[in-house]
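Chain by chain, the residues run as shown.
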Amino acid sequence: MSDLIKTHGLELDRCAFCHDQCMSATPEVVATGDQTLVVSRVANFIRLADQGRLDWTEGLAKRLFYGLNDGLQYEYCLVKKEGHRIEPFLRAARAEAVRRGLAPAAVAAAAARVRDTGNVFGCLETLPEPVAPSRGGPILVHDAASRALTPDALAAARLLLQDVGDGPGELAIASCGMVEFDLGYVDLSQAAAHHVHAALAALPEGPVVTGDPVLAYALRVMYPQWGLPLNRQVLHLSEYLVDRTDLLPTFRPRNEVATFHDPAALSRGLGIVDAPRALLARVSGLTLVEPVSSGAAAGSDGPLAGYPDPAVASAIRHARFNELVSTGASLIITSSPYSKANLEAADGGTPVFDLIEFLQSAR
Amino acid sequence: MSQSESHPSADKALLDELIAVLAPERVSCNDLDRLAYARDTFPLAIKGVAQGDRTYQPDVIVWPETREEVAAVIRLAASHGIPVVPYGGGSGIVGGALSVQGGILLDLKKMNRILALDSLSLTVTVQSGALGGVLEDQLGAQGYTIGHYPQSIYSSTVGGWIAHRGIGTFSTRYGKMDDIVVSLEVVLPDGQIMTTRSVPQSAAGPDLNRLFLGAEGTLGVVTAATLKLHPLPEARTHMAFAFSSFADGVECVRRVIHRDYRPAVVRLYDPVETQAQFSSLGLEPGQAVLLFVVEGYPELVDLTARSVREIARGLKPRDLGTAVGDYWLANRFSTASLCKTLTKPYGVADALEVANVWSRLAQTYTAMKEQMEAAAGPNGQVYGHCSHFYHTGGNLYMIFHAEADSVEEVSDIYYRILDAAFKTSMGNGGTLTHHHGVGLGKGRWMPQELGDAGFGLLQRVKRAVDPTNIMNPGKLGL
């Protein structure tokens, strides 16, 4: 028996006895119709397994890894205002499944890539030396997600930061450890986090900026919880730039209709909804239309990595893509390497841009 | 006892046939799946499954995507003589989706598409597995609403609303499912597919829609429905008052309704619930809060709001402004207090909804509260509100929380309170259920509700439509 109930008993009970109001906001359930993926059922499986009333099996473990942890469920959670969260018990149960050697193949493969290359994408990289910022400027931090999924956005970020003129530094890391943490590989996660923490500590003072909201969420929210406070500001690029709009270049008019997809880590995780829209408003001629769900209630675009069921992931991203194009927009803009990759994988014909990449293209 | 992953008693021949008409990934007799589907929102089932109890687990779960697949599954079930239990979101609180005799559980949530929207006639045709919250979002994006907002909207489906004759919190303006349904597509127990006409009215004999509204899947499986639509309201306002007694509040609502005003939401809280929900208002004990939400076209909203306020003032209540409405609108889908009681090892809670005519409504409330409190014992709590009103009367929503002395006694105290509640309601001329339906939990009181002749007729209808009793057996007291 593990300590799941001992540590997370209240949260597990709250979910297991719940009336399931989060069901409409659970992407897997909407995509598959499968009641076993409703949070209450998953929580009950964990309780019963921890009590020895249910065997830990590969089937049980697989269900643990469906949950996207993207927070949409909380928009409908009956006890959200009491501080109820599902990620802690879900991550702990995943870690227990990993400990028991029951990780689904896709999860184990993702972990193996981290062990082999330092990142979940399996990118073999020689990371450049850190560049210290000058004049108290920001440090642009990026991990393999930005380099593998949105290299153009990363290049654009460098240029825009040069524009606003603060002499940015740069730190390339393999991984911030967030994906590994979500997948239950706590050792890999913490090794990555300690490495990043040490690397940042060696750099001069100044805010950290990143175009990857998962990375920003990890550094701003999770690192302090892991006992690794950074003692410096951590900002998503949109937050940083929106405070310096007078320094931004003039953008060319774009007479197009666009819609913005709020990444989960950005909107629900960090509470950043207005900044990307404010930046887009600086592009004259661009009409921004909102999808059915946006802001903190935005629909899910799909998982980050190590998802056990490609068909379900595909159904989720297609559902979101279709919702976005039903606005009539001719282009989709988002602000996360994972979100851009997921929406592009829907392959629906409508171009998908990262916010920074789009701004750069409008110079 | 630990359970293994497979179900050794699953009938191999049946599984093969189901896989042949569906697909392997849409048929499961997996142990975890069966446990997950062994509950809906019936309080005793939630508590049971939390203990690993498998009393209500199905033998097989299937996920059809078309009405033809539903028909094929039902024909197979009939040929094997095994039960079929339709399942939507599992939000029903009376155990209507529990597999009391095992069999095939038909999860309809993959049938979730809008099939047609007639903007001129203001109707939408939708598959029955559509989740309410998702459907309303889709309709809202096009400028429409069904106006059906049950507390369970984010976990219930169109099929469930129809099966249990559900009613939403805005029902006084938008109506109940009986009013909202225009036509139905139903797979009958012999596999035939029946579709009623999508017309505003027909006098061609008895209304077949009504045969399936509230039938809880005992006479067939609703696979699609055409429902009434409304444009999204252009205006909304709300107001609340504190009355010196619950009876004064009932009288205020009666006067409003009998003047033919139809606020969308009308909620009258008894003094206990008033204190629990609105303690910050500093009301004196014994006072009852009455909330009106008015929405629709601006000119009608304005007229209704002014008139409701004028009628209310005739009974000299305290005007509470907008705080009550703001709070309710922000928390209206929460059933957290019920869930919290269920987490206690010996705790049980439920919301019982009955209805009666104006002339007996207040007395029924008083009598039910007294009898339920006696049954719940010293550790129990009973309170309630009225939240749906009609020309002839309204509903009573009686909520109880109780604690037994042991796990074994939870079911006893639960049914003891229900017995006290329903006998008192029916004894005062009221009904057994207003909008949750009967399911498993209330079946034993159906003979009293319908009378010998009425219940006998229902039994004969069931035998005629479903002679082998494969459709959701054990529900409606059948």
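Worth saying up front: this structure is predicted, and the values here are computed from it rather than measured.

(A) Quick look at the overall build of chain A. A tally of helices and strands in chain A yields 17 helices and eight strands. On C-alpha atoms alone, chain A measures out to a radius of gyration of 20 Å, which is about the 21 Å that the 2.2 N^0.38 rule sets for 363 residues. Taken over the C-alpha atoms alone, chain A extends approximately 65 × 50 × 35 Å along its principal axes. Counting all 363 residues of chain A, 58% fall into the buried class. Of the contacts formed within chain A by residues at least 6 apart in sequence, a portion of 77% connects residues at least 24 apart.

(B) Region of the structure containing the packing of helix α1 (residues 4-16) of chain A against helix α3 (residues 39-50) of chain A. Residues and elements named next belong to chain A. The interhelical angle for the contact between α1 and α3, taken along N-to-C directions, is 145°, at an axis separation of 9 Å. In the crossing of α1 with α3, the sense of the turn from one axis to the other is left-handed. Along the contact surface, α1 presents Leu4, Ile5, Leu12, Cys15 and Ala16, while α3 presents Val39, Ser40, Ala43, Asn44, Ile46, Arg47 and Asp50. Of the residues assigned to the contact of α1 with α3, the class counts are eight nonpolar, two polar and two charged.

(C) Molecular detail of the domain arrangement of chain A. All names here are of chain A. Domains assigned within chain A are domain 1 (4-103) and domain 2 (139-242). Inter-centroid distance (C-alpha atoms) of domain 1 to domain 2 is 29 Å. Counting from both sides, the interface comprises seven residues of domain 1 and, opposite them, six residues of domain 2. Here the residues of the side of domain 1 that touches domain 2 are counted per class, giving four nonpolar, one polar and two charged.

(D) How the structure looks around the pairing of strand β4 (residues 104-107) of chain B. Residues and elements named next belong to chain B. Alternating positions in β4 separate into two faces, Ile104 and Leu106 on one and Leu105 and Asp107 on the other, with burial throughout. Inspection of the sheet shows strand β2 (residues 60-62) paired to β4 by three bridges, in the parallel sense. The partner of valine 60 across the bridge, within β4, is isoleucine 104.

(E) A look at the interface of chain B and chain A. Listed per partner, the contact involves 37 residues of chain B and 32 residues of chain A. Mapped onto the side of chain B that touches chain A, the elements with two or more residues apiece are α2 (31-36), α3 (43-50), α5 (132-141) and α14 (336-343) of chain B.

(F) Broad picture of the sheet that holds strand β12 (residues 235-243) of chain B. All names here are of chain B. Spatial ordering of the open sheet is given by β15-β12-β14-β13-β17-β18-β16, a layout of seven strands whose pairing is antiparallel. For this open sheet the edge positions go to β15 (318-321) and β16 (347-357), each flanked by a neighbour on one side alone. When the angles between neighbouring strand axes are averaged without regard to direction, this sheet yields 20°. Relative to strand β18 (residues 393-403), β16 is paired through eleven bridges, and the arrangement is antiparallel. Paired with glycine 347 across the strands is glutamate 403, a residue of β18. Relative to strand β14 (residues 288-296), helix α10 (residues 246-258) is tilted by about 20°, and along the sheet it contacts β12, β13 (265-269), β14, β17 (381-386) and β18.

(G) Region of the structure containing the pairing of strand β8 (residues 181-187) of chain B. Residues and elements named next belong to chain B. Most of β8 sits inside the fold, with six of its seven residues counted as buried. The pairing of β8 with strand β10 (residues 221-228) spans six bridges and is classified as antiparallel. Across the sheet, glutamate 185 pairs through a bridge with alanine 224, a residue of β10. Here β8 folds back onto strand β9 (residues 193-195), and the loop between the two strands holds five residues, one of which, glycine 191, carries a positive phi near 95°.

(H) Up close: the domain arrangement of chain B. The domain architecture assigned to chain B consists of domain 1 (12-107), domain 2 (114-231), domain 3 (235-331) and domain 4 (336-452). Taking only C-alpha atoms into account, the centre of domain 1 of chain B sits 43 Å from that of domain 3 of chain B.

(I) Up close: the confidence of the model for chain B. All names here are of chain B. On average, residues of chain B carry a pLDDT of 95, and 98% of them reach 70 or more. Here residues 1-9 is modelled with pLDDT under 50, and outside its nearest four sequence neighbours on either side it reaches 18 contacts, counting other chains as well. Taken together, the chains of this predicted complex give a pTM of 0.94 and an interface ipTM of 0.94.

(J) Representation of the environment of Gln233(A) within the structure. All names here are of chain A. Counting through the fold element by element, glutamine 233 comes out in the loop between α11 (213-225) and β4 (234-236). Each C-alpha atom, one on glutamine 233 and one on glycine 184, is 28 Å from the other, the two residues being 49 residues apart in sequence. Excluding residues that lie within four positions of it along the chain, glutamine 233 makes contacts with Pro207 and Val208.

(K) Representation of unusual backbone geometry in the model. Residue and element names in this part refer to chain B. Look at leucine 122: it is not a glycine, yet its phi comes out positive at around 60°. Following the sequence through the fold, leucine 122 ends up in the loop between β5 (114-118) and β6 (123-127). Residue classification places leucine 122 among the partly exposed positions, given that 14 C-beta atoms sit within 10 Å. One non-glycine residue, asparagine 469, lies in positive phi territory at about 55°.

(L) Expanded view of the packing of α1(A) against helix α5 (residues 87-99) of chain A. Residues and elements named next belong to chain A. α5 packs onto α1 with a crossing angle of 145° between their chain directions and a minimal axis gap of 9 Å. Of the two possible hands of crossing, α1 and α5 adopt the one that is left-handed. From α1, Leu4, Thr7, His8, Glu11 and Leu12 reach across to α5, where they touch Pro88, Phe89, Ala92, Ala93 and Glu96. Across the contact of α1 with α5, the residue classes tally to six nonpolar, two polar and two charged.

(M) Fine view of the nonpolar core. Residue and element names in this part refer to chain B. Ranked by internal contacts, the top residues of the largest apolar core, which has 267 residues, are Val73, Leu106, Ile162, Leu290, Met372, Met398 and Ile417. For this core, the leading source of residues is helix α16 (residues 410-427), giving eight residues. With near-sequence residues (within four places) excluded, valine 73 lies in contact with Leu18, Val21, Val62, Pro64, Val84, Ile104 and Leu106.

(N) Main features of the environment of Gly52(B). By secondary structure assignment, the location of Gly52(B) is in the loop between α3 and β2. Since 18 C-beta atoms lie within 10 Å of it, Gly52(B) is described here as partly exposed. If near-sequence neighbours (up to four positions away) are discounted, Gly52(B) is found in contact with Leu48(A), Arg53(A) and Leu54(A).

(O) Structural context of the sheet that holds strand β1 (residues 27-28) of chain B. Residue and element names in this part refer to chain B. One open sheet accounts for four strands, arranged β1-β2-β4-β3; its pairing is mixed. Each of the sheet's edge strands pairs with one partner strand only, and the pair in question is β1 and β3 (84-87). As defined by bridge partners, β3 adjoins β4 across four bridges and the pair is classed as parallel. Across the sheet, residue valine 84 finds its bridge partner in β4, namely isoleucine 104. Packed on one face of the sheet, helix α4 (residues 67-80) meets β2, β3 and β4 and runs near 170° to β4.

What counts and what doesn't
Residues numbered from 1 in each chain as written. Chains lettered and ligands numbered in written order. Predicted model: local features only at pLDDT ≥ 70, side-chain atom pairs only at ≥ 80, totals over all residues. Helix = DSSP H or I, 4+ residues; strand = E, 2+ residues; numbered from the N terminus. Rg over C-alpha atoms; globule rule 2.2 N^0.38 Å. Buried ≥ 20, exposed ≤ 12 C-beta atoms within 10 Å, placed from the backbone. Contact = placed C-beta atoms within 7 Å. Axes fitted to C-alpha atoms, helices over the stretch in contact; angles between N-to-C directions. Left-handed = near helix turned anticlockwise from the far one by under 90°. Nonpolar A, V, L, I, M, F, W, Y, C, P; charged D, E, K, R; others polar. Domains from an automatic or database assignment. Pairing = 2+ DSSP bridges. pLDDT = per-residue confidence, 0-100. Core = buried A, V, L, I, M, F, W, Y, C linked by C-beta atoms within 7 Å.

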